[in-house]
Amino acid sequence: MSDFLPTTVVGSYPQPGWLIDREKLGSKVPRVREPEIWRVPAEFLAEAQDDATLVAIRDMERAGIDIVSDGEMRRESYSNRFATALEGVDIENPGKTVNRSGGFSVVPRIAGPIRRRGAVEVRDVEFLRKHTHRKIKITLPGPFTMTQQAQDDHYKDEEALAMAFAAAVNEEMQDLRKAGADVIQLDEPWLQARPDRAARYGVKAINRALQGIPGTTVVHLCFGYAAAVSSKPSGYSFLPQLADSSAVQISIEAAQPRLDLAVLRDLKNKTVMLGVIDLGTEKVETPQMVAARIRAGLKVVAPENLVLAPDCGMKYLTREAAFGKLQALVEGAAIVRRELKG
């Protein structure tokens, strides 16, 4: 394991075909609960999810990843497990919102005050901590993104809803840290999708969620899963503003959109978690390709402030491709480390 140019994952890893029906999942990113995607009966589901989590952990360890996750094996999507566990969220009578492609998505309906009923992901962290000696990370949906993925029939004020989500996230983060999480990440892809709204209250909500949380915290910003968003812009509409967030690290997608990395100069007070693995293709990069992307990052970010990762979660890839890409990530990082150490 390396503390110099460390490697990690954004969060998700491909769920086995014996656990979920990948055809039913397709390229969807569920906002409400969709239990029909699980192949395992409810009474055996938790055990099956634990077994799948062990598969994900061992794959990350075998590939050589320094900071591992649970692969998000227990989730139908990155956001819906936490968002639908909160008091005030009606999933029996859902609403709808405009999605990133301009269509409509079925989403949770906010019917009352948002409150955290109890721990949602603490057992996930405890299980992960028990089964690996490596550093561990866990992810949560960010308050801004959850606000965009809900129909608000209670607050009728986006900022008020975002701040309520932020308070619930903060309570969860406190417990995740106590449970042993080394890194806690907020997934905030919708900052990029709705930059005008994000400019008004996005950083404010993030900072409320991170208030008083010690250790390494990350905000992940991307253009959406490659499986769901095929055409991506070459630049971020919301990124420099995150320099004002209290997050330690900012995670960005850079490989697939071929991002001009000069934008990272705006984040000079942050550690950057740089996407150097393209998830828009099943083709596995060579270590040399990955090394070239890392070198490009090092032109604008000091090596001590750089963490290496895939662009986004790997949920929609095949396991074979995902594992190969993680190996390429680790080997590419090793090439650059050797070069820097002379």
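First things first, this report covers the structure right here in the doc. (Residues numbered from 1 in each chain as written. Predicted model: local features only at pLDDT ≥ 70, side-chain atom pairs only at ≥ 80, totals over all residues. Heavy atoms only, no water.)

### Quick look at the overall build of the chain
Point 1. A count of helical and extended segments in the chain gives 10 helices and 10 strands.
Point 2. In terms of overall dimensions, the chain is globule-like: its C-alpha atoms have a radius of gyration of 19 Å, near the 20 Å expected for 342 residues.
Point 3. Principal-axis analysis of the C-alpha atoms gives the chain an extent of 60 × 45 × 40 Å.
Point 4. Sequence separation of 24 or more characterises 77% of the internal contacts of the chain that already satisfy a separation of 6 or more. (Helix = DSSP H or I, 4+ residues; strand = E, 2+ residues; numbered from the N terminus. Rg over C-alpha atoms; globule rule 2.2 N^0.38 Å. Contact = heavy atoms within 4.5 Å.)

### A word on the packing of aromatic side chains
Point 1. Summed over the entire model, instances satisfying the criterion amount to two aromatic pairs.
Point 2. With centroids separated by 5.3 Å and ring planes inclined at 45°, the aromatic side chains of Phe144 and Tyr201 adopt a geometry described as tilted. Of this pair, Phe144 sits in helix α5 (residues 143-148) while Tyr201 sits in helix α8 (residues 195-209), and the two are 57 residues apart along the sequence.
Point 3. Relative accessible area serves as the criterion here: at 0%, Phe144 is assigned to the buried category.
Point 4. Looking at Tyr201, the relative accessible area reads 2%, which means it is buried. (Phe/Tyr/Trp six-rings, centres within 6.5 Å; stacked < 30°, edge-to-face > 60°. Buried < 20%, exposed > 50% of the residue type's maximum accessible area, 1.4 Å probe, protein only.)

### A word on the nonpolar core
Point 1. Core analysis: the largest hydrophobic core is formed by 102 residues, its most contacted members being Tyr13, Ile114, Leu191, Leu242, Ile252, Leu274 and Leu326.
Point 2. Filtering out sequence-adjacent residues up to four positions away, Ile114 remains in contact with Leu86, Glu87, Gly88, Val89, Tyr155, Leu161, Ala164, Phe165 and Ala168.
Point 3. Ranked by size, the runner-up nonpolar core spans seven residues in total, among them Val10, Val183, Val218 and Val307. (Core = buried A, V, L, I, M, F, W, Y, C linked by side-chain atoms within 4.5 Å.)

### Re the packing of helix α6 (residues 158-178) against α8
Point 1. Their axes nearest at 8 Å, the elements α6 and α8 cross at an angle of 25°. By the criterion of interaxial angle, the relationship of α6 to α8 is roughly parallel. For the pair α6 and α8, the crossing hand works out as right-handed. Between α6, through Glu158, Glu159, Ala162, Met163, Ala166, Ala167, Val169, Asn170 and Met173, and α8, the contact on the second element is made entirely by Arg197, Arg200, Tyr201, Lys204, Ala205, Arg208 and Ala209.
Point 2. Considered class by class, the residues forming the contact of α6 with α8 number nine nonpolar, one polar and six charged. (Axes fitted to C-alpha atoms, helices over the stretch in contact; angles between N-to-C directions. Parallel < 35°, antiparallel > 145°, perpendicular 65-115°, else oblique. Left-handed = near helix turned anticlockwise from the far one by under 90°. Nonpolar A, V, L, I, M, F, W, Y, C, P; charged D, E, K, R; others polar.)

### Examining helix α9 (residues 287-298)
Point 1. Here α9 is 12 residues long and its end C-alpha atoms lie 16 Å apart, about the 16 Å a rise of 1.5 Å per residue gives.
Point 2. By the burial criterion, the buried members of α9 are Pro287, Val290, Ala291, Ile294 and Gly297. Relative to the axis of α9, the buried residues are bounded by an arc of 115° and lie together on one face.
Point 3. Where α9 is buried, its residues meet β9 (271-277), β10 (306-310) and α10 (319-341). (Expected span 1.5 Å × (residues − 1). Arc of directions from axis to C-beta.)

### Quick notes on the environment of Arg81
Point 1. With respect to the helices and strands, the residue Arg81 is situated in helix α3 (residues 80-83).
Point 2. Taking relative accessible area as the criterion, Arg81 reaches 15% and is therefore assigned buried.
Point 3. Sequence separation between Arg81 and Glu121 is 40 residues; the distance between their C-alpha atoms is 9.0 Å.
Point 4. With near-sequence residues (within four places) excluded, Arg81 lies in contact with Arg74, Arg75, Val120, Glu121 and Asp124.

### Quick notes on the pairing of strand β8 (residues 249-252)
Point 1. Of the two faces of β8, the one carrying Gln249 and Ser251 and the one carrying Ile250 and Ile252 are both buried.
Point 2. In terms of strand pairing, β8 meets β9 through four bridges, oriented parallel. When the sheet's bridge partners are listed, Gln249 is paired in β9 with Thr271. (Pairing = 2+ DSSP bridges.)

### Some points on the side chain of Asp21
Point 1. Mapped onto the elements, Asp21 comes out in the segment before α1 (22-25).
Point 2. Asp21 gets classed as buried once you look at its relative accessible area, which sits at 14%.
Point 3. Apart from residues no more than four positions distant in its own chain, Asp21 is found in contact with Ile37 and Arg39.

### A short note on the sheet that holds strand β2 (residues 87-98)
Point 1. Overall, mixed pairing links the three strands, which are arranged β2-β3-β5 in an open sheet. The open sheet terminates on both sides in strands that have one partner only, identified here as β2 and β5 (151-152).
Point 2. As judged from the two bridges shared by strand β3 (residues 104-115) and β5, these two strands associate in the parallel manner. Each bridged residue has a counterpart across the sheet, and for Arg109 the counterpart in β5 is Gln151.

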